[in-house]
Amino acid sequence: MADASGVESFVVQGEPTKDFFISMLVRDIGLIPAIVDLVDNSVDGGRRLRPADDPDRGDEERFDGLFVALRITAESFEIIDNCGGISWETASNYAFRFGRPTEAPSTPGSIGQFGIGMKRALFKLGNAFTVRSVTEKEDFELRVNVPEWSASSEWNFSDVTYRPDSHASNEVGTTITVTDLHPAVSESFSLKRFETELSDELSMRHQASMSDGLAVSLNGIPVDVDVLTLLTSEELKPGYFAEALDEESETPVHVSMYTGVSASSPADAGWYVYCNGRLILGPDRTSVTGWGTARGVPQYHNQYARFRGYLFFESASVDKLPWTTTKEGVDSGHWAYRALKPRMVDAMRPVMAFLNALDAEKDNPAPGKESLESFVSAAESSPSTLGQITTTTTFTSPQRPKAPKPPETQSIQFVRPKKQIDAIKKKLKVSSAGKVGEGTFDYFYKRECADDE
Amino acid sequence: MSNDASYTKINYSLRPAKAIERKMMVELLRRLDRSASLAHYRYVGFGSPYFADFALLHRSLGIREMVSIEHEIDDEARFRFNAPFASIDLKFGESGEVLAELSWTQRSIVWLDYDGRLDAAKLEDLDYLMRNVPSGSVVVLSVNAHPHTDIEKRLQRARADLDSALPRTASNESLGGWGTAEMYREVVNEQIQISLGERNAGQPAAAQFAYRQLFNFQYSDGARMLTLGGLVHDAGQQAHFNGCGFDEFDFFRDADDAYTIEVPKLTLKEMRHLDAQLPGDTFADLEEVGIPVADAATYAELYRFFPKFVDIEA
């Protein structure tokens, strides 16, 4: 290549190809997490619409009246919400770019922080998508044919309709439709089993928002809400503390942590870590959450199947939260997580000690009604939801009963030829082998040991 | 499941609906001879001490190689004593273990004739077979599809049995009546779809396996029972099996609607009376003899398969 002056200018190409971009993005995430990511966008809308500390709310739950409805079929994917919609300002400048520009206005306390989730999810699902969003001031519809977009050199999305019309509040919301699904996606969507798995995952990942009133449904059936509970009684109290990290800054990180015991379930035991209400890790039983890293906190074993730990991080500044881009694990090197991990281990210790004692009791039952198991069963009838736990305390468990005294008698068992036993039976005039044992023992003891006492 | 094996409670050969089902299955399976020699098939089943299915398959279809899976290892001697033919190879262990130990190079008819409810372990057996049986094999599964008597516990128990395989549409109400059987059929079909999908991944077009349902029986002898089964073949052999004419049988079922086996309660004398007028569409003198018309009609449908029990001392 030569310019007008005849001097050659050399250029080495460094632009990414879009195909590479798309294939890299979608490889990093599974189908279910990608869909959960789209729900994150709706939840973020809800969080913008209903700030956490609205004094006018009264008795209502934070997200009462808000919904996210998903519909999956072998042909298409659809997610509809009434969580505020995407403004044209956000849509045209930020929402569809790859990565969040530094000048983008931040959504305080959002979940979708990396500017990647929605696009990645849409590419993961299919070849054609439409995003239609309505706010009170305006509406827009964006249509993308992925293969066409991928083949062009233009990065912007040009097939878009925008109207600055006002809308009633009940029209406000976002609808995303994906068609021409990828074959593997279409195959999964046609399985009832996939539907059940997605529903289970949604109920776990978005448990906090759903407990706050967000209605999530899949193919017309509401997704169940799991209410988090810990066993509570006079003698058995969950550990709890709440505090703010980086408190001096404008965007502190609010941390709350609950530890205790619940139903014995090896599949559910462990730690659960949430960032801005979104479950990012758990149930975890590995060293990431402290298992097996300190004295008194051994590796997970089924005798700890009752253990539950819940750790919540909340911050308006999403950079201050220890999550990864796929929201499928903690960034364990993050300062906020490093600050909490030793405290998680501390909080586990008394629970582990109690569960060890509970396990030991099985082999060596305590007499009477004062067994540890009886305290647990009594507490099982009155579990507390996490919201009801407000007293800062370490985990408190019932007084261990005194170890029973070592037994004063012991049994002996041995084998001897039957003929000899029968011979002794005659001499002792007894009929059982047990009596032979006792008789010969007593005979020896009387002769050889009785004087020593 | 209770600790007692079900054969200790009931003599299998005395369950008339089951006997009818067995004979119908054999009648249809005989058509496999049109595409491949039945004598070269192997039968794999759960003989239990009665071995009723083994006796029938050997006598009617001429199948020589037979494997019976027994999980009651404590009764080994009794099973060996009862095995009706020398060619029955008895394997003791859980079905999942034994199926994985067998070689699957020979075309097989496999009847997973469970007495319990459908659960994850049974789906694993089905999954293993779907991924391993050679083309031309028949896989049949029978389960107890009786709903939990406590309405409030149906969904909970189904979820415990099936975990995420349980469709979200299931409810305590939907699992009542034959609803549990319908749900089971949905779950079984989906399992087959998933297993064959995995088997077919990366295989050439001629080696793509398909499942063709042949049986969908429901009957109730005490508990509601469900039997599903069909042919597993690859695309290359599809044409062979089209010629078998399975669909010529009344009880052939390739879809959701089950063939319900209802057993009319008739005396031996009544049956002989009806037999004398069969095959045919009408019976003379039903009213005079007092045989219910509906029972006679049902009998006419089933009479060729009807077991006749008689107490020889009576």
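Look a little higher up for the structure.
Quick look at the structure, then.

Okay, the interface of chain B and chain A next. Facing 9 residues of chain B, the contacting portion of chain A comprises 10 residues. Counted by class, the side of chain B that touches chain A contains 4 nonpolar, 2 polar and 3 charged residues.

Here we take up the sheet that holds strand β13 (residues 278-284) of chain A. Residues and elements named next belong to chain A. One open sheet accounts for 5 strands, arranged β10-β11-β14-β12-β13; its pairing is mixed. Where the open sheet ends on each side, the last strands, each with one partner, are β10 (239-245) and β13. Shown here is a sheet whose adjacent strand axes are inclined to one another by a mean of 10 degrees, direction ignored. The strands touched by helix α9 (residues 335-363) are β10, β11 (253-261), β12 (270-275) and β14 (307-315); relative to β11, the strand with the most contacts, the crossing angle is about 15 degrees.

Attention now goes to the pairing of strand β1 (residues 67-72) of chain A. Residues and elements named next belong to chain A. Only one face of β1 is covered, namely the one carrying V68, L70 and I72; the face carrying F67, A69 and R71 has none of its residues buried. The pairing of β1 with strand β7 (residues 215-218) spans 4 bridges and is parallel. Its bridge partner being in β7, F67 is matched across the sheet by A215. Here 5 bridges tie β1 to strand β2 (residues 77-81), and the two strands are oriented antiparallel to one another. Note on β2: the bridge partner recorded for A69 is I80. The turn joining β1 and β2, which pair antiparallel and follow one another in sequence, is formed by 4 residues.

Below, the discussion takes up the sheet that holds strand β7 (residues 223-234) of chain B. Residue and element names in this part refer to chain B. The strand order β3-β2-β1-β4-β5-β7-β6-β8 describes an open sheet built from 8 strands, whose pairing is mixed. Strands with a single pairing partner mark the edges of an open sheet, and in this sheet they are β3 (88-92) and β8 (259-261). In this sheet, neighbouring strand axes are inclined to one another by 15 degrees on average, regardless of whether the strands run parallel or antiparallel. Taken together, the 8 bridges between strand β5 (residues 137-144) and β7 define a ladder with antiparallel strand orientation. In the sheet register, N144 faces β7, and the bridge partner there is M225. Together, β4 (108-113), β5, β6 (209-221), β7 and β8 form the strand contacts of helix α1 (residues 16-29), whose direction differs from that of β6 by roughly 155 degrees. Helix α2 (residues 52-61) contacts β1 (42-45), β2 (65-70), β3 and β4 of the sheet and is inclined by roughly 170 degrees relative to β1.

Moving on, we come to unusual backbone geometry. Here the amide bond leading from G282 of chain A into P283 of chain A is cis, since omega sits at -5 degrees, within 30 degrees of zero. Within the secondary structure layout, P283 of chain A lies in strand β13. The peptide bond linking L278 of chain B to P279 of chain B adopts the cis configuration, its omega dihedral lying at -5 degrees. In this fold, P279 of chain B is placed in the loop between α9 (268-275) and α10 (286-289). The residue N276 of chain A is not glycine, and still its phi comes out positive at about 45 degrees. Owing to 27 C-beta atoms within 10 Å, N276 of chain A belongs among the buried residues under this scheme. We note that F51 of chain B has phi near 55 degrees; this positive angle belongs to a residue other than glycine. One can find F51 of chain B in the loop between β1 and α2.

Here is what the cut-offs are and how they apply
Residues numbered from 1 in each chain as written. Chains lettered and ligands numbered in written order. Predicted model: local features only at pLDDT ≥ 70, side-chain atom pairs only at ≥ 80, totals over all residues. Contact = placed C-beta atoms within 7 Å. Nonpolar A, V, L, I, M, F, W, Y, C, P; charged D, E, K, R; others polar. Pairing = 2+ DSSP bridges. Helix = DSSP H or I, 4+ residues; strand = E, 2+ residues; numbered from the N terminus. Axes fitted to C-alpha atoms, helices over the stretch in contact; angles between N-to-C directions. Buried ≥ 20, exposed ≤ 12 C-beta atoms within 10 Å, placed from the backbone.

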